[in-house]
Amino acid sequence: TMGRHGLFVVVLCAAVAKLCASQSGVCYFLASQLSSQAYYTQTSYTYYYSCGLFGWSRCSSTGYSSTLQYRSVTTYAARFACCSGYSQIGATETCVEINECALNGGLGPCEQVCTNTAGSFYCSCQAGYTLSSNGYNCQDTNECSSNGGLGPCQQLCSNTPGSFYCSCLPGYLLRNDSLTCDRDECHYNEGHGPCEQNCTNTDGSYYCNCTPGYVLVTDNRNCLGPPSELVLVAFNSTALRAGWLPPTVDPNDGTLLYYGAVCSSAIPEGSGVQYTLDIEEAQGTLLTALSPYTHYHCCVWVVTSKASGPSICQSTRTYEDVPYSPPESVTTVARNSTELDVLWSPPLLSNGPITGYNVYVELLDGGTATREEVVDAQVLTLGHLVPHQTVGVRVSANTSVGEGPLSSLVQGTTLVGAPIYPPRDLSVYDDSITPQGTTIAWKIPLHHDSIVVNYYQVDLWEEQFGTPHVTFNLPGNMTSYSFEILQEYCTYQCMVAAGNSMYGLGPSSSINFTTLEAIPSGPPLGLSGELLSSTSYRLFWNPPAPIDRNGVVRSYFISCSPLEGGKAFSYSLIESNITLMELHPFYTYQCRVAAVTTGMGPYTAKYEFKMSPAAPSSPAQNISFVPINSTSILVAWGPPSLNAQNGVILFYVVVLSVSESRAVLNYTVVRTSVMVGPLLPYYTYTCSVGVFTAGGGTFADPITIQSSQGVPSGVPRNITANSTSPYDVMLSWQPPLPEERNGVIVDYTILFGQSPDSERRTLSSQDTSVSLHSLASRTTYRYSIAAGTSAGMGPFSDFQQVTTLEEAVNISLSQSTYSTYELAGHVEVCARLLIEVLDKSVHVILSTEPGTATDGVNFISLHNHDFHFSPGMHRDETLCVNMTVLDDGIVEEDEEFYAFLSTDDPSVELKEPFRAAITIINSNHVSVSLKDSIYYTTKATGYTQICALLMEGVLGKIVHINLAINDTGNESLAGVLGVGYSLRSHQLSFQQGQKKNSSTCTNITLSKDGPAIHREEFSVYFQSNDASVLLTQPSVATVVVTDQDYVVVVFARHEYLTSEGVGHVQVCVMVSAGHVERPTQVYISTEDMSATGGTEYTPLHSYPLLFTQGHQENDSLCITIGIQRNNRTTGTQSFGVLLLDTTGVVERAVIRIEDIDFMEIGFENASYVVSEAAVVPLCVKIYSGQLATELALTLQSYDESANGGVDYFLVNQSVTFNRGHTSGDTECVHLTVRHDSVKALANKTFAIGLSQLSEDVPVHYVHGRVTVIITYEAGLSNEEASMVPVATGVVGALVLATTIAIIVIVVIIKRRKSSKKFLMVSSEAATPTTDTSCFVGTNSGEGDSPLSCEDSVPSSTVQHNDTDALIASTAM
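Residues numbered from 1 in each chain as written. Predicted model: local features only at pLDDT ≥ 70, side-chain atom pairs only at ≥ 80, totals over all residues. Heavy atoms only, no water.

Asks: So what about the state of the cysteines? Which residues, and what values?
Replies: Note on terminology: a disulfide is the covalent bond linking the sulfur atoms of two cysteines. Evaluated as defined, the whole model comprises 16 disulfides. Residue pairing for Cys210: its cysteine sulfur links by disulfide to Cys223, the two sulfurs lying 1.9 Å apart. Because the sign of the S-S torsion sets the handedness, a value of about -95° for the bond joining Cys210 and Cys223 places this disulfide among the left-handed ones. Highlighted residues: Cys210 in the loop between strand S20 (205-209) and strand S21 (215-216) and Cys223 in strand S22 (residues 223-224), separated in sequence by 13 residues. On the basis of relative accessible area, Cys210 is assigned to the buried category, the value being 17%. Two residues, Cys947 and Cys1001, share a disulfide whose sulfurs are 1.9 Å apart. Note on the Cys947 and Cys1001 pair: the S-S dihedral is about 105°, so by sign convention the disulfide is right-handed. On the criterion of sequence distance, the pair formed by Cys947 in strand S80 (residues 943-950) and Cys1001 in strand S84 (residues 999-1007) is long-range, its members being 54 residues apart. Cys1001 sits in the partly exposed class, given a relative accessible area of 32%. (Disulfide = S-S within 2.5 Å. Helix = DSSP H or I, 4+ residues; strand = E, 2+ residues; numbered from the N terminus. Buried < 20%, exposed > 50% of the residue type's maximum accessible area, 1.4 Å probe, protein only.)

Asks: Tell me what's going on with the sheet that holds strand S60 (residues 717-725), and back it up with residues and numbers.
Replies: Sheet architecture is open: 3 strands sit in the order S60-S61-S64, paired in antiparallel fashion. The open sheet has two edge strands, S60 and strand S64 (769-772), and neither has a second partner. The sheet shows a mean angle of 15° between the axes of neighbouring strands, taken without regard to direction. (Pairing = 2+ DSSP bridges. Axes fitted to C-alpha atoms, helices over the stretch in contact; angles between N-to-C directions.)

Asks: Lay out a nonpolar patch on the surface with the relevant residues and their values.
Replies: Side chains of Val626, Ile628, Leu634 and Met675 sit close together on the surface and give an oily, nonpolar patch of about 330 Å² of accessible area. Tracing the chain through its elements places Leu634 in strand S53 (residues 632-638). Given the relative accessible area of 31%, Leu634 is considered partly exposed. (Patch = residues over 30% accessible without salt bridge, like charges linked within 9 Å, V, L, I, M, F, W, Y side chains within 5 Å. Areas by Shrake-Rupley, 256 points an atom, 1.4 Å probe, with all protein chains shown as cover. Salt bridge = Lys/Arg side-chain N within 4 Å of Asp/Glu carboxyl O.)

Asks: I'd like a rundown of the pairing of strand S25 (residues 256-264), residues and numbers included.
Replies: It is a general feature of regular strands that their side chains alternate between the two faces of the sheet. Here 8 bridges tie S25 to strand S28 (residues 295-304), and the two strands are oriented antiparallel to one another. If you follow Cys263 over to S28, its bridge partner there is Cys298. In terms of strand pairing, S25 meets strand S26 (residues 273-277) through 5 bridges, oriented antiparallel. Residue pairing for S26: Val262 is matched across the bridge by Gln274.

Below, the structure is given as structure tokens:
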């Protein structure tokens, strides 16, 4: 029994629980009163939520064994809250559950598995794990911990996270239950166990097996294999030869008993011929009792006491044999009375492919038997028999081996019938053939005596025209027949057969014949046509109907005539169409056509057509005009003639245009006159009148009309002004626009002056340019121009301005290279003025930079040394300064430093060269040679001058050289007979400061000392006691003394090339030998060759050229011959030039004149010899011709063999000659040869050639290809290093240290691959250089330029590397 208050609490809690359940986690604190006491108890177990008894507390879940149900609850008050595990949605009284497992990838706060519940969650673990005490983490379950560490396993247990696995001891295998173990009998012997080959373990046992091709013997452990390398070949048609290698049989396989074999003609094995073979027969045995030409599959196996082994098999075929049986089913069938067919089937046993058959025929009436061969067939037709004839037949078959047996005899008989032969010699009588008939004839058949011919059947038909087939019979006694009323020119086939009234017809004879041609009986069909143009019409037709042609249509005849009157015309042609040309427009024509075979057939009906209209064939006639005023003209004309109108004239068109290009006025009228206008004053118009029909129009030749002049309405255009110099301005312009000129421009007025307040000057010019001179430099001028006609001057242009140039002062160094010696103590460097007159003071600055001159020599550097040029100085005046060079006593190779100009004066422009290399020659030796190796003089002259030439450097001291005479060994020619000699001075002196290529001279006095002879010689040579003087070649010279003046004059060239465009050619003669001592005169004349048609020249008749005293070898005199163009012919012309003296013609030269302008261009030299690290100027020269346009040439290396120790490149790849360049002009580029770190082993060469960028100017190349030789650079060898002397003592140590330093510097410089020089050293064993090569080096002496082929190079000079020479001198 429950008390009253207890019942209230239960009821209240039940109400709260129902509310919480209905609100999804909502808790209410309620004060309620039951409205009814009715209730009942339900036995279901239910959870509900309770909010607590006092105040607001978290909801908690409480379970009761029963739930008090109630019907109604009266609620007095309630407060809202969400139970634990729920959250409120905003300010509503709605709660939603919180899914605690949604975080951490679905794990929530759990480690492995999270399960969400209403208002809460719980954690769990995966299989093999248990939940820890904290309710979140999982611990691994060790399944192996029980059973003494074996867990559920029989032998070994291994625990893994969340699981375990079992394993077995060696020699055991895990069973399928993964828990227990079985013994493995196969685990030893590399997995074979007790088996020979394969061992398979089973649960509680094992078994052995063999690899494919082997069988298990009776012990169930060992394996027996087959024989190997079976060879099977045919022996004959019934046997095969077999051989093989025995198998490997050990004692475990049993005792080898014998071999078994089988050969079967079918696979699989098992059927066929069985063999038992001895052991010894393994090397070869015959397998017999086989069938011929049969494919057998043979197998061999071994049999032991324990097993029958596997077999090895091969296949092959036995040889062929003759057929074993004859052909089958031999029969005969009579075809007719003269032919019999023999038929058969192949033999049953052929023993090979049948190659043919033999048919033996026996004549039973006693005739001779015959044999017929048949290939690829099983039937033979016997012919040429007679009716009712019986024959016997036998047949045999052949293989490639031979013939088989004969079949049994079979008989056959021909039929009884008609004649067996056709009529003989069926022919046509040639002279009987006509267009509609012919006669045929024949002879009776053969064997007509055995068969009676009662009649002949004649068949005649043709397929060309579809004539019905005609068949008729003739009596047997007729042997000819005449046909009549046949089709003309038709081919017939006629057949004649002999017949017997009882047995029928025999074979027929056939003949073809064609009737003769005739003229067509019908006209061509389908004559029609089409209009092509107003003057051409195409007719086409088809031939006559085949039945009407009566022959071959060889041509067609067309006849046409115009209905308007005129000459009819006709054509004959082969084609079935024709295009009629040159018809009259708008005319009507009638034409008809006939076909021609042996003659012309009938015409077609007349075909009529009309031509379309065309433009009139002549223009309007008698066009005239009358100027009405300055803006109007009346133009009148007449229509073309009637025949020329080519249709109905519809209208006339009058067109007025300017310069026949742009239409200005256009009139279309039906009358024959029109007033044109308005026109512009003094405008030239072309007026043309056109006549138009429906076929087009024709315009008359235009006539020209012009209005009177007016004042220009426009100004000159495109006015430009250029200051061509500080004192000159060039004005240029174009006339006003044509429509603004209003007449002929006769002059221009120019206003030209300075500022608006300055005085202006007015110039008048009829040209469109004018040069204004004597202006002030740096001055602004204003100018304006107006054009004028005969009617007056037009408006002036707007004023424009031009400022004259400021005169630039051009200054450069006097040289690009300088040289000196250490002992000279100085070098002079000069700056040069390059303008005519200096009108102000300017200055430039000279500075130096060290270069390589840092070790063996010092110099006093110049920093910002001023050269001041004063007003009044003229072109080429120089300002110089001496740079001091100090000798520091250290021996070193040649070194360099550099001097360069700079300026801060904007009016000064520095020109090349503004930087110069100064070479300090370490050696103080002086190279001296004779200037010439041979001197000419005469007795009358009385002396000869001998000169010495300074070859290298700048002298730092006075040098004396002795000159001596040597006539030893040449007494007869030494001047002891006819001439004597003496030296005015035996000593030649060079003064301090003299430079390279300077010379000093002395005279040898000659006197007569005896009788005169024609030519005498003596020699002179140098001597010097100064150790610093090196005498180079030529050091000996020959003096030739002639009894009289002796000189040889020749043409400088024997062929000259020029062009009409050049307009001239220069011809030179030169002294090739001798020395002119008194005036010598020669003459030039011309002689005609081919230069008379297209080119003319200025003829010369004994034009004098005078060589005066002093002219010597290689001196020349020239004359210019003018060339004129007369445009009569083209091609190359030529004329001759003669060189004459008082005795007559000395030489001839040829002048060749090209009809087109051309240039002779090439390199100045044919080859160069250079060193590594050299910069070589390559100069291209115009040898003849003058350019009328720009010419660009490209330089390209033709071969690249210079890749061993050097490489090279061109700074500029092209040279350009401008318009006006002429003979003698040159353009240069620089070739740089550099090291490429690969040591060269010998001289290298490459070639550079010229080619044109465009073909606008014809070019003939003189030296179009130049060869460059790069000399071998020898390195410092060990032997050279060992030549350095070793000194003792203090001085010796100093010398040694200096020497070592020099060697180190030399090696460094060589590795840097610095610029190389050449020394000219005298050597009798040196190889002479050729005339077409030049030695070129860099950093040559002061005032020297790279040596060219024109310079005098002694033939015995050789080149040496300075570094090598320096090391050698140090070692000495």
